[in-house]
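Below, each chain spelled out in residue letters.
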Amino acid sequence: MRKQFIIGVVAAALAAASLVATSSVSTAAGTDFSKCQNLKACGGMDALVKAAQKEGKLNVITLPRDWANYGEAMDLFSKAFGIKITDDNPDGSSAYEIQTVKTAPASKVPDAVDVGITYGLDNTNLFTPYKVANWADITSDYKDPAGRWYGDYAGVMALSYDTSIPKAPKAFSDLKDPAYKNMLAIGGDPSGAQEALMSVFAATVASGGTADSVQPGIDWFKSLKTSGNFVTALANGQNFLAGAYKVSFSWSFNGPGAVTTAAKAGKTVKYIIPTDAVIKGTPYVMAIPFNAPHPAAARLWTEFLYSQNNGKTSMTVGSTKGMTGSKIFSSIMGGQNIWILGGALPITFDAMVAKKTNVTAPEGYGIPKGVKVITPTVAQQDAAKTLLKAQWPAIAGN
Amino acid sequence: MAAIMKISPFKWILIGASAFLSILIFIFPLFAAATYSFRGEAGKGRSLANYRWLLEQEGFYPNLFTSLKLAVLAGILSLILMVPTMVFLNLKAQRFKPLIDFLCILPLIIPVVSLAIGAQVAMPEFVQNSEYELVFFFVIIALPYTYRAIDTSLQTVQLKTLVEASRSLGASWLATILRVIVPAIRSGILGALFLSFALGIGEYTITSLLHWETFPTWTVVAAQQNILGAIAISVFSFIGAIALLTAVSLLSRRGTKQTSITSEGEGVLL
Amino acid sequence: MKSGVVETPKMVQGGRLGSQVFPLLPFFAFTGYFLIWPVLAVTLRSLRGNDGEWTLSNYTPLLHGSYLHAFITSIKLSLVTSIIGSLLGALFAYVVVRYAKGRFGAVLDSISAVFANSGGVPLAFMFIAAFGTEGLVTRVLKTLGWDIYAGHFTIFSFTGVVMVYSFFQIPLMFLVFKPAIAGLRKEWMEASTNLGATQVTYWRRVAIPMLMPSFIGAFFLLFAGGFSAYATARALTVGTVPLVPIIIGTLVDGNVVSDQQNLGDALAVGMIIVAGIAMVGYVWAQKRAAKWRQS
């Protein structure tokens, strides 16, 4: 008798509790995080953070840790919000990202992609519209009016070199000197790799040409191959360690990570932005797939990457237990500044400079004063690729 | 007697040339890479630090186990699929040989990237949700090697005679295959097994394109910012795989007796 | 008691198609699902234009310009590396079968299996570490007075790639061809000597014809492998040696061109066609060689 009474009380209590729980869930469930298109529609930062933490996970894709300081971004986000990040195939390509969005099983679809601009433009039907809080600060050239994709950061063509060489280069044209025999390499095939393609533009401008035709750049590489300065070794950490090359072209945002990695292997590397040509690449673009498995986390991650905050880093963030979502968000460094520290030019850089919210770029990554910054357009890049496809093998006599 | 004495300098020339070329092509590169792997902190001095770093990484043992598991399964499945097929092909269905030969070369011709993309489009969701789908693709990728290895071995035995003799003595097909043919083509089977296993352990492209994590894909990520560590991993993978296969091979030799009818390589030509 | 019918080759081939196909079904089913279907997906995609229409337009670029050049270079590279690989691999196989003791042979088999599957950046690094401008061997030779980089040689070239490919071509040949050499029976040599033949004659009239089908088969395997390999070449030549698989990678799995996947698929199908053509020659050569064999 007593037992039944107690069971009855417990059952009633549980029923009441579950009613309360369901009702509070249904209040929060009023927001569909897979459809809300900006922070306000998503219920504000506190609600967004709460929902993201409930999801608990974030799928990112093809983000190498030392690329534009993504390692720091992922660490800080993870630590501050307690959300676990999985990085699918860090060395993968933009094509791999799009392919994954299209064909991966539901749980493995990335929550956000970071792809070359042509991939963003060609696949808008895969993405859901979302406009970050400081949408207005993004240059209209590099964002979709409907909000389905948006430029995130760009890099500048830099020279990286082993400081043990006798003569340190200051400009691209320095590399013609016989002192650089067997020293120069690039990071891939210019007709197919973005970084290498930009190297040819850099050589073109340094030779006095314009971005309309990269013929001067191709000729430059050919003459350096003949003189023996240009080595066709693939520019990567291992080949560098083995001494296959000493100087290479590189995105500025690969610099800080590369310097640290090289130091661990006993090599000292320096990055400089040469004085005779400043080639800024078209920005990479971000987007959220409409079938992202963790929509709230995806949106929080995007807001985080576009935040212009100057705050705590992953080393200094400490415990965020008990803090409201918006408090956490405003206390940590935002992605735009994290990218600056990584040697990249974030998309809202000009706005940040005007508002004075930007941190200082690491030494050596500042753009030389008075040099014209050239960004080859997509059309110019296509023309370059056509020329390169036809002429690149011939520079080695093949 | 005179003939045998004439052989000696010829023998030493052959062995010498082979050894010299082997050292040049195989030993030097491996040794050179190994010297980097033993570099110490910040590239100075000599130490085993890079190997210790490798073993200390969280994920080393789980991923190694995953790869071993998948590679073993791939090896076994390869044999189960190919040995009966090849035996039957050579025995009774020779008209299909060119077709099957071409099918087995196809995985080598078609770039792995294209195959993986085709697979993602064609495979249903439930297959794509299990890492064991990789076993099937490893077997496919190993087809060119397993076909060749087993076929070469089969060409050296009197297949029809063996089968007829065995069957006429009352053995079933299964017994014939297991107890007569398999020992006869042991070297081809072992070659096929080793190649499938080695391939499964080291396969990277399809694994990463299908979003799975195995030892090779894990090592690439883990060693992203550690050049010496990455080198140590390659050297370790080489030596480790060789040691493992050698152990398997030596262990499997113990229990078998070579009869003179089915022996090969014991008392050979010249 | 057996029926007394001896199964001659003629009778076997005259047998019912069904009974021949049935035991092969597991194989056909397996390869049909995991190999043919994906290949079919790729082939179908190669026949579609960017807007989904059926077209052969993806194939026209293959016949001239840089793509044709890439096919020629790919074939050249495969031919050279498979010739070198098959000759040296066969030599090593002979030496080991003839002169090596059992245990050592087992170690070599394992080593060959691992080497045959190597490639890419790690393999390129190994050779750069040994033969690059600051390589171990380069430096040793320099102290001995011979600067191999003084002239035109460099590991970063077609020649260099051929050298590096030997690292996996030779072991593959070794592993796959060794059983054939091991299958040459001592008795045949004895019989041929008893009949008055010299060693040279034995080799010329007995051993080599016996080995030919396997040799050709293994050679074809090396050719196919050399044809589709690319990561190693890419690490040493950054595209200055144009190869079809590299281009496919760029189009299908790259960072620059987003809308030319169908062209990449056409290139892949092109590779299959080249292999198919080579296959015809291979089958013909095998048939000729097999005339020497007795079933």
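**Re the overall build of chain B**
Piece 1. Within chain B one finds 13 helices and zero strands.
Piece 2. Burial analysis of chain B (270 residues in total) assigns 45% to the buried set.
Piece 3. In chain B, once contacts between residues fewer than 6 apart in sequence are set aside, the share between residues at least 24 apart is 80%.

**Thoughts on the overall build of chain A**
Piece 1. Of regular secondary structure, chain A possesses 14 helices and 14 strands.
Piece 2. If you line up chain A on its principal axes, its C-alpha atoms span 100 × 40 × 40 Å.
Piece 3. Scored against the burial criterion, the 398 residues of chain A give a buried share of 52%.
Piece 4. Pairs at least 24 residues apart make up 75% of the contacts formed inside chain A by residues separated by at least 6 positions.

**Some thoughts on the domain arrangement of chain A**
All names here are of chain A.
Piece 1. Here the domain parsing of chain A yields domain 1 (34-153 + 282-355) and domain 2 (157-279 + 368-396).
Piece 2. Tallying the contact residues gives twelve residues for domain 1 and eleven residues for domain 2.
Piece 3. Within the side of domain 1 that touches domain 2, the residues separate by chemical class into five nonpolar, six polar and one charged.

**With respect to the interface of chain C and chain B**
Piece 1. Taken together, the 83 residues of chain C in the interface contact 80 residues of chain B.
Piece 2. Counting residues per element, the side of chain C that touches chain B draws most heavily on helix α3 (residues 25-46) of chain C, at eleven residues.

**Quick word on the pairing of strand β6 (residues 157-162) of chain A**
Residues and elements named next belong to chain A.
Piece 1. Across the six residues of β6, five count as buried, placing the element largely inside the fold.
Piece 2. Alignment of β6 against strand β9 (residues 247-251), held across five bridges, turns out to be antiparallel. Looking at the pairing, Ala158 lines up with Ser250 of β9.
Piece 3. With four bridges joining them, β6 and strand β10 (residues 269-272) adopt antiparallel strand pairing. Among the inter-strand pairings, Leu159 is bridged to a residue of β10, identified as Ile272.

**Some remarks on the sheet that holds β10 of chain A**
Residues and elements named next belong to chain A.
Piece 1. Sheet architecture is open: five strands sit in the order β8-β7-β9-β6-β10, paired in mixed fashion. The sheet is open, and its two edges are formed by β8 (230-234) and β10, each paired on a single side. Mean inter-strand twist for the sheet, computed between neighbouring axes without regard to direction, equals 35°.
Piece 2. Relative to β10, helix α9 (residues 255-264) is tilted by about 165°, and along the sheet it contacts β6, β9 and β10.

**Overview of the pairing of strand β2 (residues 84-88) of chain A**
Residues and elements named next belong to chain A.
Piece 1. With five bridges joining them, strand β1 (residues 57-61) and β2 adopt parallel strand pairing. Within the sheet, the bridge partner assigned to Val60 lies in β2 and is Asp87.
Piece 2. One crossover worth recording links β1 to the parallel β2 by way of helix α3 (residues 70-81), and it is right-handed.

**A few points about the packing of helix α10 (residues 186-202) of chain B against helix α8 (residues 158-182) of chain C**
Piece 1. Axis separation between α10 of chain B and α8 of chain C bottoms out at 9 Å; the angle between their running directions is 175°. Comparing the axis directions of α10 of chain B and α8 of chain C gives the class roughly antiparallel. Two secondary-structure elements touch here, α10 of chain B through Ser187, Gly188, Gly191 and Leu195 of chain B and α8 of chain C through Leu175, Val176, Lys178, Pro179 and Ala182 of chain C.
Piece 2. Of the residues contributing to the contact of α10 of chain B with α8 of chain C, the split by class is five nonpolar, three polar and one charged.

**A few points about the packing of helix α4 (residues 65-99) of chain C against α8 of chain C**
Geometrically, a packed helix pair is captured by the angle between its two axes and the distance between the axes.
Residue and element names in this part refer to chain C.
Piece 1. For the pair α4 and α8, interaxial distance at closest approach is 6 Å and the crossing angle is 45°. Between α4 and α8, the angle is such that the two are oblique. The two elements α4 and α8 meet at a crossing, and its hand is right-handed.
Piece 2. The residue makeup of the contact of α4 with α8, split by class, is 20 nonpolar, seven polar and one charged.

**Let's talk about the nonpolar core**
Piece 1. With 285 residues, the main nonpolar core has Ala202 of chain A together with Leu195 of chain B as its most contacted residues.
Piece 2. Among the elements that line this core, the one with the most residues is α8 of chain C, at 15 residues.
Piece 3. Domain assignment of the residues forming this core places at least three in each of domain 1 (34-153 + 282-355) and domain 2 (157-279 + 368-396) of chain A.

**Looking at the interface of chain A and chain B**
Piece 1. Taken together, the 25 residues of chain A in the interface contact 23 residues of chain B.
Piece 2. Looking at the side of chain A that touches chain B, the elements that each hand over two or more residues are α4 (94-103), α8 (237-241) and α9 of chain A.
Piece 3. Partitioning the side of chain A that touches chain B into residue classes produces eight nonpolar, ten polar and seven charged.

**Side note on the environment of Ser252 of chain A**
Piece 1. As for its placement among the helices and strands, Ser252 of chain A is situated in the loop between β9 and α9.
Piece 2. Setting aside residues no more than four positions away along its own chain, Ser252 of chain A makes contact with Gly155, Val156, Ala158, Tyr271, Ile273, Gly343, Ala344 and Tyr365 of chain A.

**Section: the environment of Leu79 of chain B**
All names here are of chain B.
Piece 1. Following the sequence through the fold, Leu79 ends up in helix α3 (residues 60-92).
Piece 2. Given 19 C-beta atoms within a 10 Å radius, Leu79 is considered partly exposed.
Piece 3. Through-space distance from the C-alpha of Leu79 to that of Ile189 is 7.4 Å; in sequence the pair is 110 residues apart.
Piece 4. Those residues in contact with Leu79 that sit more than four places away from it in its chain are Ile189, Ala192 and Leu193.

**Remarks on the environment of Pro84 of chain B**
Residues and elements named next belong to chain B.
Piece 1. Considering the arrangement of structural elements, one finds Pro84 in helix α3.
Piece 2. Given 18 C-beta atoms within a 10 Å radius, Pro84 is considered partly exposed.
Piece 3. Taking the C-alpha atoms as reference, Pro84 lies 22 Å from Gly200; in sequence the two are 116 residues apart.

**Some words on unusual backbone geometry**
Residue and element names in this part refer to chain A.
Piece 1. In this structure, Asn89 takes a positive phi of about 50° despite not being glycine.
Piece 2. For Asn89, the location among the structural elements is in the loop between β2 and α4.
Piece 3. Overall, Asn89 belongs to the buried group, with 21 C-beta atoms counted inside 10 Å.
Piece 4. In this structure, Lys356 is a non-glycine residue whose phi angle is positive, near 60°.

**Quick notes on the confidence of the model for chain B**
Residue and element names in this part refer to chain B.
Piece 1. Residue-level pLDDT values for chain B average 83, and 89% of them are 70 or greater.
Piece 2. No element of chain B has a lower mean pLDDT than helix α6 (residues 125-128), which averages 69, and none a higher one than α3, which averages 92.
Piece 3. Low pLDDT, under 50, characterises residues 1-6; the predicted model gives this stretch zero contacts beyond four residues in sequence or across chains.
Piece 4. Under a pLDDT of 50 for its full length, residues 255-270 has, in the predicted model, 23 contacts with residues more than four places off or in other chains.
Piece 5. With pTM at 0.85, the complex prediction returns an ipTM value of 0.83.

**Here's the deal with the confidence of the model for chain A**
Piece 1. This prediction gives chain A a mean pLDDT of 88; 92% of its residues lie at or above 70.
Piece 2. Note on residues 16-28 of chain A: pLDDT under 50 across the span, and zero contacts to partners over four residues away in sequence or across chains.

So, how was this worked out
- Residues numbered from 1 in each chain as written.
- Chains lettered and ligands numbered in written order.
- Predicted model: local features only at pLDDT ≥ 70, side-chain atom pairs only at ≥ 80, totals over all residues.
- Helix = DSSP H or I, 4+ residues; strand = E, 2+ residues; numbered from the N terminus.
- Buried ≥ 20, exposed ≤ 12 C-beta atoms within 10 Å, placed from the backbone.
- Contact = placed C-beta atoms within 7 Å.
- Domains from an automatic or database assignment.
- Nonpolar A, V, L, I, M, F, W, Y, C, P; charged D, E, K, R; others polar.
- Pairing = 2+ DSSP bridges.
- Axes fitted to C-alpha atoms, helices over the stretch in contact; angles between N-to-C directions.
- Right-handed = clockwise from strand over helix to strand, strands pointing away.
- Parallel < 35°, antiparallel > 145°, perpendicular 65-115°, else oblique.
- Left-handed = near helix turned anticlockwise from the far one by under 90°.
- Core = buried A, V, L, I, M, F, W, Y, C linked by C-beta atoms within 7 Å.
- pLDDT = per-residue confidence, 0-100.

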